[in-house]
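# Examining the three-dimensional arrangement
What follows is each chain in one-letter form.
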Amino acid sequence: MRNKPLLSWVEEMAKMCQPDKIHWCDGSVEEKERLEEEAIKTGELIRLNQEKLPGCLFHRTDPSDVARTEDLTFICTSDKDSAGPNNNWMSPEEGYRKAREIFAGSMTGRTMYVMPFSMGPVGSPFAKIGVQLTDSIYVVLNMRIMTRMGTHVLDNLGEWGEFTKCLHGKADVNPNRRLILHFPEDNTIWSVGSGYGGNALLGKKCLSLRLASTIAKKEGWLAEHMLIMGIEDPSGNIDYIAAAFPSACGKTNLAMLIPPEGLKKKGYRIWTVGDDIAWMQVDSDGNLWAINPEAGFFGVAPGTNSLTNPNAMTAIQKDTIYTNVLLKPDGTVWWEDGDGAVPEEGIDWLGNPWKPGTGVQAAHPNSRFTAPITNCPSISHRIEHHHGVPISAIVFGGKRSHLTPLVYEALNWEHGVYMGAIMASERTAAQYGKLGEVRRDPMAMLPFCGYNMADYFSHWLDMGKKMTNPPKIFNVNWFKRDDNGKFLWPGYGENLRVLEWIIARCKGDVEAKKTAIGYLPMPESLDLNGLDLELEKLLEINQQDWIEETKAVSEFFSTFGSRLPQILWDEHNALCNRLKME
Ligand code: OXD
Ligand code: MN
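Being a predicted model, the structure only gives us computed values, none of them experimental.

### A look at the overall build of the chain
A tally of regular secondary structure across the chain gives 16 helices and 31 strands. With the C-alpha coordinates aligned to their principal axes, the bounding extent of the chain is approximately 70 × 55 × 45 Å. At a minimum sequence separation of 6, the contacts of the chain that also span at least 24 residues come to 73%. Of the roughly 22,800 Å² that the chain leaves accessible, carbon and sulfur atoms contribute 50%. Between the averaged position of the 60 positive side-chain charges in the chain and that of its 74 negative side-chain charges there is a distance of 1 Å.

### Thoughts on the site of ligand 1
The environment of ligand 1 is made up of Arg68, Lys205, His225, Ser247, Asp276, Arg368 and Phe448. Here Lys205 contributes a side-chain N or O atom positioned 2.9 Å from an oxygen atom of ligand 1. Between ligand 1 and His225, the relevant distance is 3.3 Å, taken from an oxygen atom to a side-chain nitrogen or oxygen of the residue. Protein burial of ligand 1: of its 210 Å² of free accessible surface, 88% is covered by the chains. Looking at the shell around ligand 1 residue by residue, the class counts come to one nonpolar, two polar and four charged.

### Things to note about the domain arrangement of the chain
Domain parsing of the chain yields domain 1 (4-44 + 70-220), domain 2 (223-292 + 383-581) and domain 3 (297-375). Spacing between the C-alpha centres of domain 1 and domain 2 amounts to 32 Å. Across the contact, 32 residues belong to domain 1 and 34 residues belong to domain 2. There are four salt bridges connecting domain 1 and domain 2. Glu70 is the partner of Arg439 in a salt bridge, and the nearest nitrogen-oxygen pair spans 3.5 Å. The interface formed by domain 1 and domain 2 includes 18 residue pairs in polar contact (both at pLDDT 80 or more).

### Looking at empty space enclosed by the protein
Enumeration according to the criterion identifies three cavities of 30 Å³ or more in this entry. Roughly 100 Å³ of volume is contained in the largest cavity. What lines the largest cavity is a set of 14 residues, and nearest its centre among them are Thr404, Ile422, Met423, Ala424 and Asn475. Counting residues per element, the ones that place at least two in the lining of the largest cavity are strand 29 (472-476) and helix 15 (543-558). Per-class residue counts for the lining of the largest cavity are eight nonpolar, four polar and two charged.

### Brief notes about helix 4 (residues 137-146)
In an α-helix, one turn spans 3.6 residues; hence positions three or four apart end up facing the same way. Of all ten residues in helix 4, nine are buried, a share of seventy percent or more. Of all the residues in helix 4, the buried ones are Ile137, Tyr138, Val139, Val140, Leu141, Asn142, Met143, Ile145 and Met146. Where helix 4 begins, the capping side chain belongs to Ser136, and its oxygen is found 3.3 Å from the backbone nitrogen of Tyr138.

### As for the coordination of the manganese ion (ligand 2)
The protein atoms donating to the manganese ion (ligand 2) are Lys205 (NZ), His225 (NE2) and Asp276 (OD), with metal-donor distances spanning 2.2 Å. All donor residues of the manganese ion (ligand 2) come from one chain, and their arrangement in sequence is K-x19-H-x50-D. Highlighted residues: Lys205 in helix 7 (residues 203-219) and His225 in the loop between strand 12 (222-224) and strand 13 (227-232), separated in sequence by 20 residues. By the burial criterion, Lys205 is buried, and His225 matches it.

### What about the environment of Phe557?
Structurally, Phe557 is set in helix 15. A C-alpha to C-alpha distance of 18 Å links Phe557 and Gly450, two positions 107 residues apart in sequence. Those residues in contact with Phe557, other than ones at most four positions away along the chain, are Tyr418, Ala421, Ile422, Leu564, Leu568, Trp569 and His572.

### Considering the packing of helix 15 against helix 16 (residues 566-581)
The interhelical angle for the contact between helix 15 and helix 16, taken along N-to-C directions, is 160°, at an axis separation of 10 Å. Taken together, helix 15 and helix 16 sit at an angle that is classed as roughly antiparallel. Note that helix 15 runs across helix 16; the crossing there is left-handed. Across the interface between the two elements, Gln543, Trp546, Ile547, Thr550, Val553, Ser554, Phe557 and Ser558 from helix 15 touch Leu568, Trp569, His572, Leu575, Cys576, Leu579 and Lys580 from helix 16. For the contact of helix 15 with helix 16, the class distribution of residues is nine nonpolar, five polar and one charged.

Analysis parameters
Residues numbered from 1 in each chain as written. Chains lettered and ligands numbered in written order. Predicted model: local features only at pLDDT ≥ 70, side-chain atom pairs only at ≥ 80, totals over all residues. Heavy atoms only, no water. Helix = DSSP H or I, 4+ residues; strand = E, 2+ residues; numbered from the N terminus. Contact = heavy atoms within 4.5 Å. Areas by Shrake-Rupley, 256 points an atom, 1.4 Å probe, with all protein chains shown as cover. Lys, Arg positive; Asp, Glu negative; His and termini not counted. Charge placed at Lys NZ, Arg CZ, Asp CG, Glu CD. Near = heavy atom within 4 Å. Polar contact = N/O pair within 3.5 Å; in protein donor to acceptor, adjacent residues only side chain to side chain. Nonpolar A, V, L, I, M, F, W, Y, C, P; charged D, E, K, R; others polar. Domains from an automatic or database assignment. Salt bridge = Lys/Arg side-chain N within 4 Å of Asp/Glu carboxyl O. 1 Å grid on protein atoms, 1.4 Å probe; cavity = no way out; pocket = protein on both sides within 12 Å on 5 of 7 lines; lining within 4 Å. Points joined across faces, edges and corners; volume = space filled by probe spheres on them. Buried < 20%, exposed > 50% of the residue type's maximum accessible area, 1.4 Å probe, protein only. Donors = N, O, S within 2.8 Å, 3.2 Å for Na, K, Ca; no water. Axes fitted to C-alpha atoms, helices over the stretch in contact; angles between N-to-C directions. Parallel < 35°, antiparallel > 145°, perpendicular 65-115°, else oblique. Left-handed = near helix turned anticlockwise from the far one by under 90°.

This is the structure we're talking about:
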């Protein structure tokens, strides 16, 4: 190991955390097996039924540590305004001081693991290297799936290569002594007091979104909370789209979609590039290209089954880590709205004996699977390509019972950025807050944009100017309901019918209807063969509801003060005027 800044940083962090041992991870299979054995001995992990689920493991997190803790997540910059109203802020001095108190001596009796990892294919011009220190074997084994991890990354880093310094420690897993801190000025992340994925797998939300978004702004690219998928049409041509939906709106399901019978017959196929994060750059051809910086899926288990996502079900049959699901007596697992009959008994996510009908949840609503992307039957052949895939369309979306139509298209890039900036989604039963309450979540980045969102919008506007052929921008809503509360759209595989229209629009193959909010499909240009649904309702724009919506948007935009780009106010006023003229 020749990288001197890395050596001295590890030494300094070890001095603070006081581990008994330091282990440099090489990423090998032998190392993985050794760590698994060790964690099984201590009860940190349970080996599942190896005949039915080969290579699979099971873990329970502390009951107080089951989800990302946005209220304990901070951006630590010298200037408060640069974090913006969208982030919690702390000064770097205070952040380091508070976390140091918790980290100090916290690894005594434990091993500190040093994990060099690459987000993106090793050596790709898109990729970024991080090194995570952790005292959790569970975290090491998850990072080994979610990132490219091991000695080859160190080799690529070389003597003076730059890396993100990621320090993680469980400490005593106490919510009162938990902090997830980002120091963009130092390319550093400190996370302490949590062993839950989104807080502890620092390559994911912390590096690939919060820190990467600040780096991307500086370097002129985009780090986004988006899936990437390829849509192969009957002629064999593949168009790629990147799509942003708030957490728990079905990104994983869409990314792995299986075409419904009719469209399969036409010759459509889907190729999965990523289900959560996209890093996108303008290449020398003037187009936007994207990679998935991750190497695995960290997906929500409840609701995943052979109907909603058959590809995910196949992907999680081997070499998968399950967290906070129900453990069945035969050493397999189960969750609500999963496959198979409701088991007669098991051990629930809290570790208690469980029986159905008692009103107790078997799996935590945010229980997860961690699976290698290579397990996915629809994996794209371009996953290791250093330049990723060219993006034809950017798709935004959210859950709206009434307001937004099934699909509409932006008038141009600026209007598309406005569409992303006004994104919002209704809370579901799985999230806290009032059911049905609308939460603004621009570009699905509200919890993940590492700097002032007003500057983020400016950056999106600037990116449009850098491209000779920018992707077209769309908004979809799979969740529109009729007056009785029934979903108007079947969703899942049928969503491909909407993607087919989106691609046709990108190619200029179909006409669309210009409305106040953007272009809508002509009814006959959507292939709805075999579906029985109320298309007029799905495509309806209620003028009064939209006028109400613009008032909510004004309020939201005002929270950014004069920092909000004037172009977004111009787009906003233009929409208000168009609505009045309808
Ligand atoms: C996730 C999230 O885990 O968005 O991907 O919360
Ligand atoms: Mn996500």
